[in-house]
Each structure stands twice: as C-alpha cells, then as structure tokens.
Amino acid sequence: MSERKVLNKYYPPDFDPSKIPKLKLPKDRQYVVRLMAPFNMRCKTCGEYIYKGKKFNARKETVQNETYMGLPIFRFYIKCTRCLAEITFKTDPENTDYAMEHGATRNFQAEKLIEEEEKRIQQEREEEELNNPMKVLENRTKDSKLEMEVLENLQELKELNQRQALVDFEGMIDQYREMEKREREREKEEDEREMKEMLDRALVKRLRESDSDSETEEESSSKQSNKSSSDKPTDILTADKPTEAEGASAGGAKKAKVESWERSVGTLGGKGALGSLVVRKKPAMTVSKPCSVTETAAPISQTDSKPATTDASKPVTTQNGSSSLSLLGAYSDSDSNDSE
C-alpha cells in the first residue's frame, strides 16, 4: 500500500514534458484571493465606512497596457458590506501605495495630500526659474534670509541649552527631597504633640470624674451607715404613743392617727402590750377533802407540796405546765377508791 503523503512522484524513463498539452488561458483572467482593505474608505452608494484591515474575498486581475518600470499593476474588486456595491482599487508601485479607482472615496489622506502639494509647488518653482533669471535671484535671497533666521534660532537654542547645562539638576532634586523630608518630620512632630495633649486632657478628665465618683460614693456610704446606726426597723414599735394629756393640752386638736397594727396588737412599751393575745385559764370548780388531800399529798416531793398549801382559789402551775387543782382532784379520786 502506498503512502498517503507522497512528496516525490514517479516519472517513467520515457517521460517527455514537451508532449504535455498547454492550457490556453486569457491574459485578463481573474483570480479569487483573500485580502484586507489597504486603507479606510467610504462607500459612495450607501455611505458605509470600511475600515483598514477588514477582510474581503476579492477578484484580482492584471491591468492591461499599464506597467511601472516593467512591474505589472493589479486591480482588485470588492463589494460593500452593506449595499454590495462594487468597489475597485489598484496597486501604485510608484508611491508604494494603493490608488482608489471606483465606488468609494479614501479617508484620512492628509499626509499624502500635503506631500503632493509640496511636489506641485516645487515643480512650479523650477519652471519659473527656468524661464526667468530674475526670479532665480529673488528665490536665492529669500532662501539666504530664511537660512539666516534658522541659524539665529539655532544659536538661541544652543545658548539656552548651555544656561540650563550649568544648573545642577541632581542638587535641586536632592534639595527638594530634603525639604519634603523636613516637612514630613515637622508634621509628624505636630501630630505627636497634639495627640499627647489630647491624651493628657482625657487623663485629667478621667481623674476628675473618678474623684467626683469616689466622693459621691463616700458620701452615700456615710449617709447609709449613719442612717443604719440611728434608725432600726423595730424602733417604730417601741415609740411611745402621745398621751391623752398632751392631746387635751393641744386645745382640742385632733387625736393622732392610730395605725392599724397598733389597734390590733398594740405597742410594746404600753401597759397592755399584747394583752389581748394572752388568755388566762379559769380555775376548775372541784370539791375535795382537806384532810385527805394533806395526807395523801405528804409523800409528794417538796416541789409539789408547796403549791398545794397555796390558796385554792388561785390556779398554780407545775413544771409540766398542768394546774395544781387538777392534780388534787386526781389524788382525791384515788383515795376514795382505796377507802372503798
């Protein structure tokens, strides 16, 4: 199997290239080539701008009966991107440029137009000098005068450059940098001084506030201690009530208001303090024999016998809190049972 990419082709020994027939193609035939617009142009039909570098599929042909020093000139056909109008331009080997022919106008040709104008003026001057010798003398005087002016201007520029050459630019730059450095240091010192003053003022203010706070706290604590030492919660209970004599001497003034707790409980300093809360136990009505009581009560300890000799009308309490009359009743009952 043969290779796919073959660079060398086989020529048989009896190959004769003269026997190959030649194609007869017209000289003005056209080729399709891919190119970019060589300059900015504007379509005459629709006014569309075509910028330099835009790509086109153009038709290329050789211009007949037109050469420049033996070099052929080529013509290109493109179409407008908006209205599809045909635009043609050709090569210009004399000016190493392209020349617009049909369908559009070239933009931004200021430099080229100036060059063409200078060439035209130069040609006219040469024609005048050729036929008029006085014109040649005038042109020479003008040229010499213009040259003197140019030399004077050049001399002024040289002197200016020499004056500027004496200036030490490096020294000026160093001096300027030194000034900037001193200015920055001065600003930094001012900032530090202002900051220190602000901190001092804030510290003094804080100290004053702390002193005032401590003074107020001491005053409040001393007041509270004095109040706590002088006033007690139970002092109001031990306070004496105004007597009736004081009320009478007041000349018929209104009686002092009696608190609700004084009406219910009373004051501790009065004679009848808590009197309504103490209830006395009434003596029991019992009949007993005095002799038997004395006989049976004889073996009782002295602590029990002493209250037995007291008045029977008064109740006597023992250590266990019971009444002596109830004890005597119990002993009398036990004696009666023994006698039976």
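Residues numbered from 1 in each chain as written. Predicted model: local features only at pLDDT ≥ 70, side-chain atom pairs only at ≥ 80, totals over all residues. Heavy atoms only, no water.

### Comments concerning the overall build of the chain
What counts here: Numbered from the N terminus, helices here are DSSP runs of H or I no shorter than four residues, and strands are runs of E no shorter than two. Buried residues are those whose accessible area, probed at 1.4 Å on protein chains only, stays under 20% of the maximum for their type, while exposed residues exceed 50% and partly exposed ones sit between those limits. Any two residues whose heavy atoms approach within 4.5 Å are treated as being in contact. The method behind every accessible area is Shrake-Rupley, applied with a 1.4 Å probe, and residues are considered shielded solely by the protein chains displayed.
A count of helices and strands for the chain gives nine helices and eight strands. The proportion of buried residues among the 340 residues of the chain is 14%. Here the analysis covers contacts within the chain between residues at least 6 apart in sequence; of these, 41% occur between residues at least 24 apart. Carbon and sulfur atoms make up 54% of the accessible area of the chain, which amounts to about 29,800 Å² in all.

### Structural notes on the UniProt feature "binding site: Zn(2+)" (unreviewed entry) in the chain
As a reminder, the rule being used: UniProt positions are given in the numbering used here, feature names are shortened, and annotations may be inferred rather than shown by experiment.
As recorded in UniProt, the feature "binding site: Zn(2+)" (unreviewed entry) lies at Cys43, Cys46, Cys80 and Cys83. A maximum C-alpha distance of 8.8 Å places the annotated residues, which cover 41 residues in sequence, within one compact spot. Within the secondary structure, cysteine 46 is located in the loop between β2 (41–43) and β3 (49–50). Apart from the residues within four sequence positions on either side, cysteine 46 is in contact with Cys80, Arg82 and Cys83. Structurally, cysteine 83 can be placed in the loop between β5 (71–79) and β6 (86–92). Given the relative accessible area of 30%, cysteine 83 is considered partly exposed. Setting aside its immediate chain neighbours within four residues, cysteine 83 contacts Cys43, Thr45 and Cys46.

### Examining the packing of aromatic side chains
Threshold: Note on ring pairs: Phe, Tyr and Trp rings are taken, using the six-membered ring of Trp, and paired if centres are within 6.5 Å. Classes follow the plane angle, with under 30 degrees stacked, over 60 edge-to-face and the rest tilted. Counted as over-ring charges are cases with an Arg CZ or a Lys NZ within 6 Å of the ring centre that also lie within 35 degrees of the ring normal.
This structure, assessed with the given rule, holds four aromatic pairs. Ring centres of tyrosine 11 and phenylalanine 15 lie 5.3 Å apart, and the angle between their planes is 55°; on these two criteria the pair is classed as tilted. With a centroid separation of 5.9 Å and an interplanar angle of 70°, the aromatic rings of phenylalanine 39 and phenylalanine 89 are classed as edge-to-face. Placement of the pair is phenylalanine 39 in the loop between β1 (31–36) and β2 and phenylalanine 89 in strand β6, with a sequence separation of 50 residues. A relative accessible area of 3% means that phenylalanine 39 is categorised as buried. Owing to a relative accessible area of 1%, phenylalanine 89 belongs among the buried residues under this scheme. An aromatic cluster is built from Phe39, Phe76, Phe89 and Tyr98, whose rings are joined through pairwise contacts. The ring of phenylalanine 74 is capped by lysine 60, whose NZ or CZ atom sits 4.4 Å from the centre of that ring.

### A closer look at the pairing of strand β7 (residues 97–102)
Rules: When DSSP finds two or more bridges between two strands, those strands count as paired.
Two elements, β6 and β7, share five bridges in a ladder whose sense is antiparallel. Paired with aspartate 92 across the two strands is aspartate 97, which belongs to β7. Once β6 ends, the chain turns through four residues before running back antiparallel as β7, passing threonine 96 with a positive phi of about 50°.

### Focus: the confidence of the model for the chain
This is how it is decided: Confidence scores labelled pLDDT are given residue by residue by the predictor and lie between 0 and 100.
Taken as a whole, the chain shows an average pLDDT of 75; of its residues, 64% reach a score of 70 or greater. Across residues 241–255, confidence stays below pLDDT 50; counting only partners more than four residues off in sequence or on other chains, it has five contacts. Note on residues 287–328: pLDDT is under 50 here. Beyond four places in sequence and across chains, it has 22 contacts.

### Things to note about the sheet that holds β3
Strand order in the open sheet formed by three strands is β3-β2-β8, with antiparallel pairing between adjacent strands. The open sheet terminates on both sides in strands that have one partner only, identified here as β3 and β8 (104–106). As defined by bridge partners, β2 adjoins β8 across three bridges and the pair is classed as antiparallel. Residue pairing in the sheet places cysteine 43 in a bridge with alanine 104 of β8.

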